[in-house]
Every structure is written in C-alpha cells, then in structure tokens.
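Examining the three-dimensional arrangement
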Amino acid sequence: MSGTDHSAAGRNGNAAAGALLVIGDVVTDVVAQHRGPLAAGTDTAATILTLPGGAGANVACWAAHAGCTDVRLLGRVGADAAGWHERELTAAGVRPLLVVDPEAPTGTVICLVDTGASAERTFLTDLRSSPQLEPGDWSPALLDGVARLHLSGYLLFSESGRALVSVALESARARGVPVSLDPASAGFLTHLGVDRFLALAEGVDILLPSRDEAFLLTGLPDPADAAAKLSRHVPLVVAKQGGDGALVARSGAVHARVPASPATPRDTTGAGDAFTGAFLAALLAGAEPEEAAVKGCGAGATAVERVGGRPPTLS
C-alpha cells in the first residue's frame, strides 16, 4: 500500500472521529472535448487533457472540497501512475490508502465530451486490465475513526470487488457504521442484472442512483415512482436528476424534491460524484438528508462548469 498501510490507518484513525472512508476506483481520465457529432472514419478536432479521475476518487475529493476534514480513500492503482494519483489526492485534501498493483496498469477512461449546450459525456471504460480491489486489501482497522463508509458501484462489476464489498459491509455492520452506495453505471448495471445488484446492496443505508440507474433498477419510467420504489429496498434513496435536481425518498414515498442549482455546463463528467461527495460531507456535519441534497446540487452545478471530474485543488 502506498502512503499509508492498513496498520497505520488503524493507529491513526482514532485521532480524527467522524471520518468518511470511500472505497472505489482510481483511474486516469483522457478527456476529449469536441463539438457536434464525431466524424466517423476521419478527424474530429478536439481538445484533449489527461486528468485524475475515478468515481470513488472523485467522490472523496468533492467531500474534502465540501469541508469534510478527514476523508480517506481505499483504491487500487498500477505502479505506472501510483505516485501521480497519490499526489493528486493529497493535494485535494484526501488521505490516499492506495494498494499498488505491480502488474496491472492503472485503469483508463476515455471521456468524450460534446462542447455543445448539453456538455454531455460518453465514457469508454477499460475495466478488464485495471487493478481490482479484493478482500485481501481490506482490514477492519480501516474503519477506525470512521463515521460513514461509501462504496462506489464500480466495485460490483468485478468478482473480486463484489467479494470486497461483502467483507466491508460485514465489518461496517459489526461496528454500526452506516454505508452508502452509488450504482455508478447504468451500462454496467445492465450486464450485472437488477436482481443481483439489489441482493448485493442488502444492508446499505443510503442509495444514490442517477435517474437512468433508478429507471433501470425499478423498471418504472417516472423518476419519483422509481425513487419511491427503491426506498422500499434501502432506507434512504437520494435519486440524482441532473438538471432537475434530486429526489429524497424514504419508506416508499418521496419526501423532498430539491431543485438543481443554476449552471452553464462545460463538462458533465463527475457531476454525480460531486453531488455524492458534498451530500455525504453535509451528513457528516449534521445536516438532514434534504439539506444535504441541496449541498449536493450546489456541488453538481460547480462540477459541470469545470472540465474533468474533480474540484479545484486546495491551495
């Protein structure tokens, strides 16, 4: 493990009560900004940037940006980019707990971003050769001093990641640590299967799906109906609706509709991660879910006005 090993996490974790531990993916984003349709078979003019990313890492960085003073990230990276990712996370105010894989290269996501009015993004994601977290990367000591555990849904799309989620959930339940989960990808959810996902999410306290993920998980076309149905499986559902804000649902009913914050989109990459990070930081600060969702919408608006999935680094 680079930077901080499991034993150090256990020794030092008690010094800061109320930490957020995020478990998830750390990847390198190659962001290609283009305008209009891609020209098949020839060149399309684009601005191309290489940036740190990964849904789990992005959530951790946005939580720190939102004011959470103790954010920790357990992730797995290749030796090729471990130092860079560790420096970027530290600069963002996150304590990196990175397992370095000596063989597999760090995961890469190609983000195609249309610079038109929608600033919509399409991801080409390489998970097959990327380093995958596994149960051996987990220790119950990682929960020392932790008040909330957040899981990136990308963990569920590999066998080793699912096994890690199982042991982490067991440890969290034993300590009474609440757990949140972001489904992460409607595309990969389709391959995993709805029933399988809901079974794997058993024991989670908060589910934070996007609109498309909520539709897929319920088969319902109405966002409020979908959020309400999911809240019969998970105690609290906060369904992210993009430009339409967010829905907060409990016990089979929507309790709040939170409007989006105004924004002029440049790149929607990481907007959902920004919402999740700010939402969790607000909960840790004592906010009710509805108030935390307002903070999440504000962070999402900030995110879409930036290129890439991360907030500005701390000065």
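From a predicted model like this one, the values you see are computed outputs, not experimental measurements. Within every chain, residues take consecutive numbers counted from 1 along the sequence as written. Owing to the predicted nature of the model, reporting of local features is limited to residues with pLDDT of at least 70; listing and counting of side-chain atom pairs is limited to 80 or more, with chain, interface and lining totals taken over all residues. Each side-chain value is derived from all of the structure's non-hydrogen atoms; neither hydrogens nor water enter the calculation.

**A closer look at unusual backbone geometry**
Its identity as a non-glycine residue notwithstanding, Ala184 has a phi of 85°, on the positive side. The phi torsion at Ser251 lies on the positive side, around 50°, for a residue other than glycine. Relative to the helices and strands, Ser251 is located in the loop between β12 (246–250) and β13 (253–258). By the criteria applied, helices consist of DSSP H or I runs no shorter than four residues and strands consist of E runs no shorter than two, each listed in order from the N terminus.

**Some points on the confidence of the model for the protein**
pLDDT runs from 0 to 100 and stands for how confident the predictor is about each residue. Per-residue confidence for the protein gives a mean pLDDT of 90, with 92% of residues at or over 70. Whether two residues are in contact is decided by their heavy atoms, any of which lying within 4.5 Å being enough. Scored below 50 in pLDDT, residues 2–17 makes 33 contacts in the model with residues more than four places away or belonging to other chains.

**A word on the pattern of salt bridges**
The salt bridge definition used is simple: a Lys or Arg side-chain nitrogen within 4 Å of an Asp or Glu carboxyl oxygen. For the coordinates displayed, the defined rule picks out 7 salt bridges. The shortest N-O distance in the salt bridge between Arg72 and Asp70 comes to 2.9 Å. With respect to burial, Arg72 and Asp70 carry one shared label: buried. Arg211 is paired through a salt bridge with Asp244; the nearest N and O atoms lie 3.2 Å apart. Partly exposed residues are those whose accessible area sits between 20% and 50% of the maximum for their type, while under 20% is buried and over 50% is exposed, using a 1.4 Å probe and protein chains only.

**Here's the deal with the sheet that holds strand β6 (residues 107–114)**
Pairing between strands requires that DSSP locate at least two bridges from one strand to the other. Here 4 strands make up an open sheet; going across it, the order is β3-β2-β6-β7 and the pairing mixed. At either end of the open sheet lies a strand with only one pairing partner, and these are β3 (47–53) and β7 (121–126). In this sheet, neighbouring strand axes are inclined to one another by 20° on average, regardless of whether the strands run parallel or antiparallel. In this sheet, β6 lies alongside strand β2 (residues 27–34) in parallel orientation, the contact comprising 8 bridges. Within the sheet, the bridge partner assigned to Thr28 lies in β6 and is Thr108. Angles run from 0 to 180 degrees between N-to-C directions of axes, and those axes are lines fitted to C-alpha atoms, restricted for helices to the stretch in contact.

**Details of the packing of helix α2 (residues 55–65) against helix α9 (residues 271–284)**
Taken N-terminus to C-terminus, the directions of α2 and α9 make an angle of 45°; their axes are 7 Å apart at the nearest point. The angle between the axes of α2 and α9 places the two elements in the oblique class. The handedness of the crossing between α2 and α9 is right-handed. Contacts between α2 and α9 pair Ala55, Asn58, Val59, Trp62 and Ala63 from the former with Asp273, Ala274, Thr276, Gly277, Ala278, Leu280 and Ala281 from the latter. By the convention adopted, Pro, Cys, Tyr, Trp, Phe, Met, Ile, Leu, Val and Ala count as nonpolar, Lys, Arg, Asp and Glu as charged, and the other residues, Gly among them, as polar. Looking at the contact of α2 with α9, its residues break down into 8 nonpolar, 3 polar and 1 charged. Roughly parallel covers angles under 35 degrees, roughly antiparallel covers those over 145, roughly perpendicular covers 65 to 115, and oblique covers all other angles. By the definition used in this description, the sense in which the near helix is turned from the far one sets the handedness, with an anticlockwise turn below a right angle giving left-handed and a clockwise turn giving right-handed.

**Looking at the nonpolar core**
In these notes, a set of buried Ala, Val, Leu, Ile, Met, Phe, Trp, Tyr and Cys residues joined through side-chain atoms within 4.5 Å is what counts as a nonpolar core. Leu21, Ile23, Trp138, Leu149, Leu151 and Phe197 are the most contacted members of the largest nonpolar core, which has 44 residues in total. Considering each element in turn, this core owes the most residues, 5 residues, to helix α4 (residues 159–175). If you look at the next biggest cluster of nonpolar residues, it comprises 36 residues, including Leu208, Leu236, Phe279 and Ala287.

**Remarks on helix α3 (residues 82–91)**
Looking only at α3, the buried set comprises Ala82, His85, Glu86 and Leu89. All buried residues of α3 lie within an arc of 100° about the axis, which places them on one face of the element. Along its buried surface, α3 packs onto β2, β3, α2, β4 (71–78) and β5 (94–101). Just beyond α3, the residue with positive phi is Gly93, at close to 90°. By definition, the arc is the one covered by directions from the helix axis to the C-beta atoms.

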